[in-house]
Structures are given as C-alpha cells and as structure tokens.
Amino acid sequence: MKDIAGRVEALRAQLEEANHRYYVLDDPSITDAEWDALFRELQSLEAAHPELVSPESPTQRVGAKPSGKFESVTHSIPMLSLGNAFSDEEVEDFVNRIRKELGVEAPVFSIEPKFDGLAISLRYEHGRFVRGATRGDGLTGEDVTANLRTIKSLPLRLRGEAVPAVLEVRGEVVMPKAEFDAYNARALASGQKVLANPRNGAAGSLRQLDPAVTASRPLAFFAYALGEVEGAEALPTRHSEVLQWLRSLGFPISAEATTGEGLQGVLDAFKSMGERRDALPFDIDGVVYKLDRFDQQREMGFVSRAPRWAIAHKFPAQEVTTRVESIEVNVGRTGAVTPWALMQPVHVGGVTVTRATLHNADQIARLDVRAGDAVIIRRAGDVIPEVVRVVEEARPVDAAGMPIHPPFEMPTKCPVCGSAVEREEGEVVARCTGGLFCPAQRVQALFHFAGRRAMDIEGLGEKIAEALVETDLVRSPADLYRLTVEDLLDMKRRLDTREDAKESQATRWAENLIASIDASKNTQLERLLFGLGIPDIGESTAKTLARHFGSLEALQNASLESLMAVNDIGAIMAQHIRHFFDEPHNQEVLGALLAHGVSFPEGAPQRAVEGPLLGKTVVLTGGLSAMSRDEAGAKLEQLGAKVSGSVSKKTSIVIAGESAGSKLTKAQELGVEIWDETQLMTFLAAHERDG
Ligand code: 5U1
C-alpha cells in the first residue's frame, strides 16, 4: 500500500513537472504519448484506491459535477482596476505625475501586455489550490474553482519547499486566438452562434455550469499580481521580482514582461509590443505600466480602487459599437452583389468609418442584422471594417415589443439595372445578370480598365468612372478614346452644381485627363489583356498569355487546346478566355480600341531567341530586395530563360529570395540548382555588361 501511495505521488510529481515544463517554461520534457501513459497509470491506481484521490491530483481537473450556480466570494483584498491612457500625452502626464511626486528623474516601470481576457483571483493554502473567483465588482466575485481547475497551465499545487501559508495570485484567463478561431469554425459549421472575441470566449467558458464544457475549450492563465499573502519568507521588493517569484512557484507569466525607464522606456515598449501584437498567440488590448519598486508604489497610493502607480496604455480601439442606418448593396465588376451596412460615423483603429461589409446573404442571416440595429464592428489593419455582432438588447422595437425593422432580404433584381440577381447552386455570392448592360458593372469595368496596373490612365478614379457612365458618355472602354475636352467640361457642368467651380481649373482638369487617356494608347499587350477584365485573368496570367502568344491576334485565334498548353492555364480559365473572345460585343470593343490607336509591341513571343539562359526554365520565389520578381523575370527572359511559376523536374534554376517557402523546399528535394539574390544580381550584372 505504501508503495502504491509512493507511486501515485511520483506519478503526480512527474505529471506536474511535465506541465510546468510545457506551460510555464515553454520547454517540453516528455512527449504527449508519454504524458498520456503516466496519466492513465495514475487514473487506474486512483480508481483501484479511491482513498488516495486528492483534489490536487492532475486527474481531478475535470472531475467536478456540474454546479447549479456559482457561489459568491468576498475578496480578502479588493481586486484593483486600472486607469487607462489612450494617447502618448496621457502616458506622459502619468509619468510626469510620478516623477514630480517621487522626485525621481526616470522611474523604472514593469511593463506587461494588457491581456484581453477575464481577471481572476486564485487562492492557495499551504501550497494547494483551494479557490478561484472572478473579479466581479472588485469586492465580491463568483466562485469558479471547478472551471479554473480545468486550465492545464494553472498549478493545482505550488512548486518548491518554501510556499506561503496563504497566497492569493491575481491574473487573467484568456482564450488563445487559435482556440477562438477553431471554436468559431465549429460553431459556423454547425449553425451555432459564434463568439464575438476571445475575451467573450474566456468569460463564457469560465461561466459554464459544467466544468467538462470549460475543459473542452482550452484556456490559458497568466499571473500578474498578488492578493493576500501570509507566512511568506521575505517578499520581493519589486514587481518584476514578484513575477519571477510567481514563475518559480509554478505560475505562467507573460514572456513579453519587461522593464523600462521613464517615458521613453515605456513608449518604446508600447511600440514594440504593438508591432508584435498580431503574432502573439493571445489577444492583448494594450500595455500595462507599473512602478516597479513597491516602496514607490506605496508612496503614490490609490484613488478609489485604481492605483496611481499603474496605468493601462490602450492600443487604438479596433472594435466599437455604432448603429446601422440602412443596409445597402454594391454591384461589383463581375456583377457580385455585396451587402454592406451604412452606419452612424464611428472612430475605430484611428479612422472614422461609416461603412462595414456584410459579405453575403448567409452572413446577414447568421448575424440577423437589420436597419436600426446597434452593432459591434471590427477593423483589423487596413481592411474594410466588418460587422461582428448585433447588440440584441438595443434593437429598436414597437409598442408591442416587436422589432421595427424586418429581417433583411437580398434584392431579387439588381438595384442599378433591374436585371435578375441570381445565386448559383453551391455559390455564396449572388450576381446581377446584367453584364455590361448594368451601369454598376460598367463603372467598375471602366475603373479597372483605367487602373494603374492596367491601362494606367492617371486621374480616372471611381468617381470619374461613375460620372462618365452616368452621363452615358462612356459605354465601353473604347468610348474613352473618343472623348474630347468639351465632352468632359459638359459632363462637369451637368454634374457639378457648385456655382464657384472655376472654369479655368475645370479646363485644366479636362485637358489633363484627355492627355492621360491619350498617353495610355501606347501600352503593352499584357496591360490591355488585364484591363479587359476577362474572368479569372489576373495580372500575372495576362502577362503569361501576352508572352506566350506574342500578339493579340494569335491569342484571339487560339484554340482551347493551345490555351491549355500554356503554363498555369487550366481548362476553366481556357474556357473563360475563349468565351470572352467569341463574344461579338467584346470583339467590337477590341476592334474599336485598336481603331482608336491603342497599340502595343507585338510579333514574335517576347522571349529572347538566344542568350546564356536559352533552354533553361527558371522559377523565382521569395522576395528580392533590389527589384521586383517581375522585373527580374523580364531580365531573365531577355537572356533566353523561360520563367515559370512552379517547380518541377524540368526546372533548371530556382532563385530563392527572402522568406522563400515551399518552392524552395521542393527545389531542394528535387536537387534543382538554387541561386540566392546575390548570385542572380552577379549573373545579371555580368550579362548586362556583355549585352
Ligand atoms: N498585465 C496586467 N494586467 N493587469 C490588469 N497587469 C495588471 N494589473 C492589474 C490589472 C487590473 O491590476 C494591478 C494594478 C494589480
């Protein structure tokens, strides 16, 4: 029996050590399979000897029965809240206040990420986890011990010999971003409600009445402060030392925690944390600065329950609440009908926005978003903001409590041209069937045609494209080349009702635009092909086609088979291309473009017929610092190479730039010759000199 008790204890110690190495030190010591084997042995010994089971055993993390409710817990020391700073100036005020009151030139701060999770307090007595509670109102929270036990990185027993009689540790429970994404993917697939953000995920998981549900949503914990401590040997005198002490006791602390001196120190850390923010496995919404020395903290004291020695410097808000004024739809170049919300202006991520995308009809149905709704919108980086969630409690209702606005329905007719809107089976996107008869599609087609990567007509933006279509001056791209300065001035007069629009300025604008249109006539075949907006033909395919066929005529006459023989062109793309050139309207437009003088060098394929790389197939991958991959490709082609997009046995050389990935790996596997950027540049320089 004594042996069995000894083995049980040894297994627990081994499992705890393995967890500590994995979760706290980020340095795993055993494999998952070894961990499982130890765990199963412990489980079976405990099953045979129930008297040996203890609440701290690793087997007991999910042992508790579902509870009917959460008991309330009074915190022996209140849980603090933090003041916020939303700008560098507010941080400067905070630092200056401390400098002045302490008479210290450059106070040292402990700097940690501000986790976007749920604050909790953990209580350990004689080294054993006895209770965990939410922050609640700071004085009283809810007992969520059973759910906290399921968090594998949270120690059930403290490590080391010298553990205090009582230790309360405060910190944050967070849901890792990967877990959040996986949860939402599952919810979407099974038609359930998605989580709005990882914080809600953490809070919702911790407040599950059944700990088995909490256990199924892996959460993490980070310690960042002490509560009640009794019977400890000499305590550290600085916050940064407390973090290390907590780590030695078995608590995960943030790997990002650091210290910094004065205003510059904290602002530098803020900037660097902001840059790494997206790469962190957890959501953070700012950075916390705390005076590192406890004697200085005491000197600064508190206002209400917020310390005057600490502050949370928040990243610019990226999720905000606003109200939907109406739901509109947009018709894109390919006829895609995309719903979007027109909203009351709101500041998010440093800009004011009034529009958020709603993606498609399925997404609207999932969100059940209606006109008048209060919504939470998110703006990630520079992408168009999207509606994350409706604040259901704030939906406008009539006297009978019924929603004022009905659910949104996608239009069955195009709001611009009246053609039918259809959604093909299996497609999420609904499309206007009007084609270039639809003015919205014409505007987008024109805007695309004039784009920098297509015909590069400077000054022809979306607004001008709209005006040209609205006034019916332009029905197809070819009409652009018929325009006169007088046409444009007429258009401006018709649309511009402002009295003060100066005639001389308008004339200069019209002359410039006509000059840009004129200049665009001298182009390249690939630009024209891309600008025509053939379905699925992006910039790179347009280039491939132009180089392969050499002339517009050869491409127009190419059979499906000869199209499919081109590198990277599959059956569907080949059909799109054939279909485009077979369409009489498109033939007319092309004829008119040429008749108006649009021209490009053509003839033989542009690949050189001789040169040091003749007969060699080269693949460029990764980033180059001296030039773009396209430029490098063009230079290599001039030297006779065939430039391809994929690596195969036929590849002669792979040029691997910065962060080259799978193509480089494949080249290594196939034993293909590999050059780095320096070798490429040396080769080009040598042969440019030759040429
Ligand atoms: N990282 C961190 N988050 N956070 C939140 N530290 C930290 N400290 C807090 C709070 C509320 O309060 C301390 C002042 C104890």
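Residues numbered from 1 in each chain as written. Predicted model: local features only at pLDDT ≥ 70, side-chain atom pairs only at ≥ 80, totals over all residues. Heavy atoms only, no water.

Below, the discussion takes up the overall build of the protein chain. If you tally the helices and strands in the protein chain, you get 24 helices and 24 strands. In terms of overall size, the protein chain is more extended than a compact globule, its C-alpha atoms giving a radius of gyration of 33 Å where 691 residues would be expected to give roughly 26 Å. Along the first, second and third principal axes, the C-alpha set of the protein chain runs to 95 × 70 × 60 Å. Residue burial in the protein chain is summarised as follows: out of 691 residues, 45% are buried. (Helix = DSSP H or I, 4+ residues; strand = E, 2+ residues; numbered from the N terminus. Rg over C-alpha atoms; globule rule 2.2 N^0.38 Å. Buried < 20%, exposed > 50% of the residue type's maximum accessible area, 1.4 Å probe, protein only.)

Tallying each qualifying case throughout the model produces twelve aromatic pairs. Their ring planes at 40° and their centres at 5.8 Å tell us that Phe94 and Phe109 sit as a pair that is tilted. Here Phe109 lies in strand S3 (residues 108-115) and Phe94 lies in helix H3 (residues 88-102), a separation of 15 residues in the sequence. According to the relative accessible area criterion, Phe94 is buried, its value standing at 1%. Measuring from ring centre to ring centre gives 5.4 Å for Phe580 and Phe581, while their planes differ by 90°; the resulting arrangement is edge-to-face. (Phe/Tyr/Trp six-rings, centres within 6.5 Å; stacked < 30°, edge-to-face > 60°.)

In this section: helix H8 (residues 239-249). It helps to recall that an α-helix has 3.6 residues per turn; residues three or four apart then point in one direction. Of all the positions in H8, only His239, Val242, Leu243, Trp245, Leu246 and Leu249 are classed as buried. The buried residues of H8 occupy one face: seen down the axis, they fall within an arc of 165°. The inward-facing, buried residues of H8 abut S3, strand S7 (166-174), strand S8 (220-230), strand S10 (284-291) and helix H10 (294-300). Two residues or fewer past H8, Gly250 is found with a positive phi of approximately 115°. (Arc of directions from axis to C-beta. Contact = heavy atoms within 4.5 Å.)

Right, let's get into the pattern of salt bridges. Tallying each qualifying case throughout the model produces 36 salt bridges. In this structure, the salt-bridge partner of Glu142 is Arg207, at a minimum N-O distance of 2.9 Å. On the criterion of sequence distance, the pair formed by Glu142 in strand S6 (residues 140-142) and Arg207 in the loop between helix H6 (198-206) and helix H7 (211-215) is long-range, its members being 65 residues apart. For Arg207, a relative accessible area of 42% translates into the label partly exposed. Lys271 is the salt-bridge partner of Glu275, the closest N and O atoms lying 3.4 Å from each other. Residue Glu275 and its partner Lys271 are located together in helix H9 (residues 262-276), separated by four residues, close to a single helical turn. Both residues of the pair, Glu275 and Lys271, count as exposed. In the salt-bridge network here, residues are joined through shared partners; they are Arg123, Glu125, Glu168, Arg170 and Glu228. (Salt bridge = Lys/Arg side-chain N within 4 Å of Asp/Glu carboxyl O.)

Attention now moves to the site of the ligand. In the vicinity of the ligand, the contacting residues are Leu80, Leu82, Glu112, Pro113, Tyr224, Ala225, Val288, Lys290, Pro307 and Trp309. Glu112 is positioned such that a nitrogen or oxygen atom in its side chain is 3.1 Å from a nitrogen atom of the ligand. Expressed as a share of its isolated accessible area of 380 Å², the protein-covered part of the ligand is 90%. Contributing elements (two or more residues each) for the shell around the ligand: S3, S8 and S10. Each residue belonging to the shell around the ligand can be placed in one class, and the counts come to eight nonpolar, no polar and two charged. (Near = heavy atom within 4 Å. Polar contact = N/O pair within 3.5 Å; in protein donor to acceptor, adjacent residues only side chain to side chain. Areas by Shrake-Rupley, 256 points an atom, 1.4 Å probe, with all protein chains shown as cover. Nonpolar A, V, L, I, M, F, W, Y, C, P; charged D, E, K, R; others polar.)

Another aspect to go through is helix H13 (residues 462-470). For H13, the full list of buried residues reads Ile464, Ala465, Ala467, Leu468 and Val469. Contact partners of the buried residues in H13: helix H12 (439-450), helix H14 (485-495) and helix H15 (503-519). Asp472, located one to two residues past H13, shows a positive phi value of around 65°.

Next up on the list: the state of the cysteines. Per the stated rule, a full pass over the model turns up zero disulfides. The structure places no disulfide on Cys417, whose sulfur is separated from the nearest cysteine sulfur, that of Cys432, by 3.6 Å. Exposure remark for Cys417: the relative accessible area of 18% places this residue in the buried category. (Disulfide = S-S within 2.5 Å.)

Ordered by their spatial adjacency, four strands build an open sheet running S22-S21-S23-S24, and the pairing between neighbours is parallel. Edge positions in the sheet fall to strand S22 (642-644) and strand S24 (673-675), since each has one partner strand and no second. Strand-to-strand, the axes of this sheet are offset by a mean angle of 30°, without reference to chain direction. In terms of strand pairing, strand S21 (residues 617-621) meets strand S23 (residues 653-656) through four bridges, oriented parallel. Bridging from a neighbouring strand, Thr621 pairs with Ala656 of S23. Where helix H22 (residues 629-638) meets the sheet, its contacts fall on S21, S22 and S23, and the angle it forms with S21 comes to roughly 165°. (Pairing = 2+ DSSP bridges. Axes fitted to C-alpha atoms, helices over the stretch in contact; angles between N-to-C directions.)

This part is about the nonpolar core. With 54 residues, the main nonpolar core has Ile457, Leu468 and Leu480 as its most contacted residues. Beyond its immediate chain neighbours, meaning those up to four positions away, Leu480 contacts Leu446, Phe449, Ile457, Leu460, Leu468, Val474 and Ile517. Residues Leu148, Val169, Ala187 and Leu249 belong to the second largest nonpolar core, which totals 33 residues. (Core = buried A, V, L, I, M, F, W, Y, C linked by side-chain atoms within 4.5 Å.)

A few words on empty space enclosed by the protein. Considering all chains together, one arrives at three cavities of 30 Å³ or more under this definition. The calculated volume of the largest cavity comes to roughly 180 Å³. If you trace the largest cavity, you find 17 residues lining it, with Glu16, Asn19, Arg61, Pro155 and Leu156 closest to the centre. Per-class residue counts for the lining of the largest cavity are seven nonpolar, four polar and six charged. Quantified by volume, the second largest cavity comes out at close to 70 Å³. Lining the second largest cavity, in full, are Val73, Thr74, His75, Ser76, Ser121, Leu122, Arg123, Arg131, Gly132, Ala133 and Glu168. Contributing elements (two or more residues each) for the lining of the second largest cavity: strand S1 (72-74), strand S4 (118-125) and strand S5 (128-134). (1 Å grid on protein atoms, 1.4 Å probe; cavity = no way out; pocket = protein on both sides within 12 Å on 5 of 7 lines; lining within 4 Å. Points joined across faces, edges and corners; volume = space filled by probe spheres on them.)

As a further point, take the confidence of the model for the protein chain. Mean pLDDT over the protein chain works out to 89, with 96% of the residues at or above the 70 mark. Of all secondary-structure elements in the protein chain, the lowest mean pLDDT belongs to S22, at 78, while strand S9 (residues 258-261) reaches the highest, 97. (pLDDT = per-residue confidence, 0-100.)

The strand order across the open sheet built from five strands is S2-S13-S10-S3-S9, with neighbouring strands paired in mixed fashion. Two strands bound the open sheet, and with one partner strand each, they are strand S2 (84-85) and S9. Packed onto the sheet, H9 meets S3, S9, S10 and strand S13 (310-314) and runs at close to 25° relative to S3.

Remark: H14 packs on H15, axes separated minimally by 9 Å, with the N-to-C direction vectors making an angle of 130°. Between H14 and H15, the crossing angle belongs to the class labelled oblique. Seen from above, H14 lies across H15 with right-handed handedness. Only Glu503, Ala506, Thr507, Trp509, Ala510, Glu511, Leu513 and Ile514 of H15 make contact with H14, whose side of the interface consists of Val485, Leu488, Leu489, Met491, Lys492 and Arg493. A per-class count over the contact of H14 with H15 returns nine nonpolar, one polar and four charged. (Parallel < 35°, antiparallel > 145°, perpendicular 65-115°, else oblique. Left-handed = near helix turned anticlockwise from the far one by under 90°.)

A positive phi angle, close to 65°, is found at His359, a residue other than glycine. With respect to the element layout, His359 can be found in the loop between strand S16 (351-357) and helix H11 (361-367). For His359, a relative accessible area of 37% translates into the label partly exposed. The backbone of Ser659 sits at a positive phi, close to 55°, despite the residue not being glycine.

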